[in-house]
Amino acid sequence: MKVGCIREIKAQEFRVGLTPGAAQEVIANGHDVVIEAGAGVGSGYPDDDYRAVGAQIAPTAQAVFDLAEMIVKVKEPQPAERAMLRPGQVLFAYLHLAPDRAQTEDLIKSGATCIAFETVTDANRGLPLLAPMSEVAGKLAPQMGAWTLQKANGGRGVLMGGVPGVSPARVAVIGGGVVGTNAARVAAGMGADVVVLDRSVARLRYLDEVYAGQFRTLYSSSANLAEQIASADMVIGAVLIPGAAAPKLVTRAMLATMKPGAAIVDVAIDQGGCFETSHATTHQDPIFEVDGILHYCVANMPGAVARTSTQALGNATLPFVVALANKGWRQACRDDAHLRAGLNVHAGQITCPPVGEALGLPAITPEAALEL
Ligand SMILES: NC(=O)C1=CN([C@@H]2O[C@H](COP(=O)(O)OP(=O)(O)OC[C@H]3O[C@@H](n4cnc5c(N)ncnc54)[C@H](O)[C@@H]3O)[C@@H](O)[C@H]2O)C=CC1
Ligand SMILES: CC(=O)C(=O)O
Ligand SMILES: [Mg+2]
């Protein structure tokens, strides 16, 4: 198979879908790899590193789309990229379709087979292609929140760890999964007073067993949530219902109960965000204010640490890229129910029921897609 990888064009996105090491393994499996010129530069991989392992360098994204049977990239395809997809082509990337009707409609129209990293599953009920970026975004969240809290950025002017004689910042993390756990660990490490809220008692039990003494856990009832929001200097949004739009847990009215200048870091923004007042921002212009509360809502946080993120994402995606190249998407998805869960759009149909439900559009199951 000819596997292609293009340069990311989303604002300030420096990750790349295939490292030279990944390209080398794909080639070793008997395939051809074509990389857009400059695709790896933002992550520290010049074109020569790809040439050295036998990959072809193409001058433009269009050339890669024309040559490749499968496109591997990082972020959801932008409108110009969607226009280059063709029927029968495979796209393997983050898609986050539930909050993104325009992209979903374009992918339906394209006739391509679109497999989303974020809905691929594993045997432990985890999301193995989301987890590495959730680890990165979780670790970044308190860092970005601490910056947002600084007075010059409009924040409350509170230092995460406090100083002797002055209380530390209070941080509430909503959702104790991969993002939330990493965020809580880092915020606690910075000296903040941290509480993690989740709907899963089993998850809270696990967190309590492992992290007792570092941060507290609290069941995410409406009453507990309201109380924590009102007393927090920083609130980190880290909930997920796989494939679906994030539930809006914090309404605009609740902002009025918060401390003026408090910071919200809505990591769940790529699924639409869990604060009613959130909208996606970019690394170039990351924060905005609503009713005196600062919002940081960057939808591609890991792009800020592109080299770490590219390597971490590549480690997780490579076995799936090789399986898709070796077997073709249909057989690879037949053989592996976890990869099959990644099928989001095929041959003009939504193939991930939570996406259809979120957008009010018809959807078929991934199993049915295999028969089309
Ligand atoms: N902005 C960015 O750059 C990035 C965003 N993300 C996003 O962060 C979000 C979280 O991802 P992960 O931590 O990997 O997911 P996860 O599945 O590991 O954790 C989500 C947690 O939310 C909990 N939850 C669900 N409903 C809840 C509610 N009503 N109240 C409290 N907790 C609730 C679940 O029980 C689960 O523990 C996702 O939307 C993901 O796409 C991930 C990486 C980068
Ligand atoms: C998961 C995601 O949206 C990202 O890594 O950008
Ligand atoms: Mg996005």
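Residues numbered from 1 in each chain as written. Chains lettered and ligands numbered in written order. Predicted model: local features only at pLDDT ≥ 70, side-chain atom pairs only at ≥ 80, totals over all residues. Heavy atoms only, no water.

1. What to know about the domain arrangement of the protein chain
Interface size is commonly expressed as the accessible surface area that is lost when the partners come together. Taken domain by domain, the protein chain comprises domain 1 (2-119 + 306-369) and domain 2 (131-299). A C-alpha centroid distance of 30 Å is found between domain 1 and domain 2. Contact with domain 1, which involves 18 residues of that partner, is made by 14 residues of domain 2. With both sides pooled, the region where domain 1 packs onto domain 2 buries about 1,200 Å², and carbon together with sulfur makes up 66% of that total. Three residues, Q12, H96 and P99, lead the burial of domain 1 against domain 2; their summed loss comes to 33% of the area buried on that side. Scanning the region where domain 1 abuts domain 2 turns up zero salt bridges. One can count three residue pairs in polar contact (both at pLDDT 80 or more) joining domain 1 with domain 2. Looking at the side of domain 1 that touches domain 2, the elements that each hand over two or more residues are helix 11 (306-335) and helix 13 (353-359). (Domains from an automatic or database assignment. Contact = heavy atoms within 4.5 Å. Buried area = accessible area lost by both parts, 1.4 Å probe. Salt bridge = Lys/Arg side-chain N within 4 Å of Asp/Glu carboxyl O. Polar contact = N/O pair within 3.5 Å; in protein donor to acceptor, adjacent residues only side chain to side chain. Helix = DSSP H or I, 4+ residues; strand = E, 2+ residues; numbered from the N terminus.)

2. Remarks on the packing of aromatic side chains
Enumeration over the complete set of coordinates arrives at three aromatic pairs. Pairing F92 with F117 gives two aromatic rings, centres 4.7 Å apart and planes at 90°, and the pair type is edge-to-face. Placement of the pair is F92 in strand 5 (residues 90-93) and F117 in the loop between strand 6 (113-116) and helix 6 (131-148), with a sequence separation of 25 residues. Members of the aromatic cluster, joined through ring pairs, are F92, Y94 and F117. Here the basic side chain of R307 rests over the ring of Y45, its NZ or CZ set 4.7 Å away from the ring centre. (Phe/Tyr/Trp six-rings, centres within 6.5 Å; stacked < 30°, edge-to-face > 60°. Lys NZ or Arg CZ within 6 Å of the ring centre and 35° of its normal.)

3. Concerning the pairing of strand 14 (residues 343-346)
The pairing of strand 6 with strand 14 spans two bridges and is antiparallel. Paired with I115 across the two strands is L343, which belongs to strand 14. What sits between strand 14 and strand 15 (residues 349-350) in their antiparallel hairpin is a turn of two residues, with A347 showing a positive phi close to 50°. (Pairing = 2+ DSSP bridges.)

4. Details of the site of ligand 2
By nearness alone, every residue bordering ligand 2 is listed as R15, K75, Y94, H96, L130, M133, D270, A299, N300 and P302. Between an oxygen atom of ligand 2 and a side-chain N or O atom of K75, the distance comes to 2.6 Å. Separating an oxygen atom of ligand 2 from a backbone N or O atom of A299 is a distance of 3.5 Å. Starting from 220 Å² of accessible surface for ligand 2 in isolation, the protein chains cover 95%. Split into classes, the residues belonging to the shell around ligand 2 amount to five nonpolar, two polar and three charged. (Near = heavy atom within 4 Å. Areas by Shrake-Rupley, 256 points an atom, 1.4 Å probe, with all protein chains shown as cover. Nonpolar A, V, L, I, M, F, W, Y, C, P; charged D, E, K, R; others polar.)

5. Let's talk about the site of ligand 1
Residues in contact with ligand 1 amount to 28 residues; listed here are only the nearest, S134, V179, D198, D270 and M301. At 3.0 Å, a backbone N or O of V267 approaches a nitrogen atom of ligand 1. For ligand 1, an oxygen atom lies 3.2 Å from a polar atom in the backbone of A299. If you list the elements that add at least two residues to the shell around ligand 1, you get helix 6, helix 7 (178-189) and strand 8 (193-198). At three residues, the largest contribution of residues to the shell around ligand 1 is made by helix 6. When the residues that make up the shell around ligand 1 are grouped by side-chain class, the tally is 16 nonpolar, nine polar and three charged.

6. Overview of the state of the cysteines
Under the criterion given, the structure shown has zero disulfides. With no disulfide of its own, C297 lies 9.2 Å from the sulfur of C274, the closest cysteine sulfur. Free cysteine C333: the closest other cysteine sulfur is in C114, separated by 12 Å. Among the residues examined, C333 registers a relative accessible area of 0% and is labelled buried. (Disulfide = S-S within 2.5 Å. Buried < 20%, exposed > 50% of the residue type's maximum accessible area, 1.4 Å probe, protein only.)

7. Notes on the sheet that holds strand 4 (residues 70-72)
Ordered in space as 3-2-1-4-5-6-14-15, the eight strands form an open sheet in which the pairing is mixed. Of all strands in the sheet, those bounded by a partner on one side alone are strand 3 (56-58) and strand 15. Both strand 1 (residues 2-5) and strand 4 contribute to a ladder of two bridges, which runs parallel. In the sheet register, G4 faces strand 4, and the bridge partner there is I71. The strands touched by helix 11 are strand 1, strand 4, strand 5, strand 6 and strand 14; relative to strand 5, the strand with the most contacts, the crossing angle is about 150°. (Axes fitted to C-alpha atoms, helices over the stretch in contact; angles between N-to-C directions.)

8. Topic: the pairing of strand 1
Alternating residues of strand 1 divide into K2 and G4 and V3 and C5, and every residue in both groups is buried. For the segment spanning strand 1, helix 1 (residues 20-28) and strand 2 (residues 32-36), crossover handedness is right-handed. (Right-handed = clockwise from strand over helix to strand, strands pointing away.)

9. A few points about the sheet that holds strand 11 (residues 263-266)
Here seven strands make up an open sheet; going across it, the order is 9-8-7-10-11-13-12 and the pairing mixed. Edge positions in the sheet fall to strand 9 (216-219) and strand 12 (287-290), since each has one partner strand and no second. Strand after strand, the sheet turns through a mean of 20° between neighbouring axes, direction not considered. Where strand 8 and strand 9 come together, four bridges link them in parallel fashion. For L197, the partnering residue across the bridge sits in strand 9 and is L218. On the sheet, helix 6 packs against strand 10 (234-237), strand 11, strand 12 and strand 13 (293-296) and is oriented at approximately 145° with respect to strand 10.

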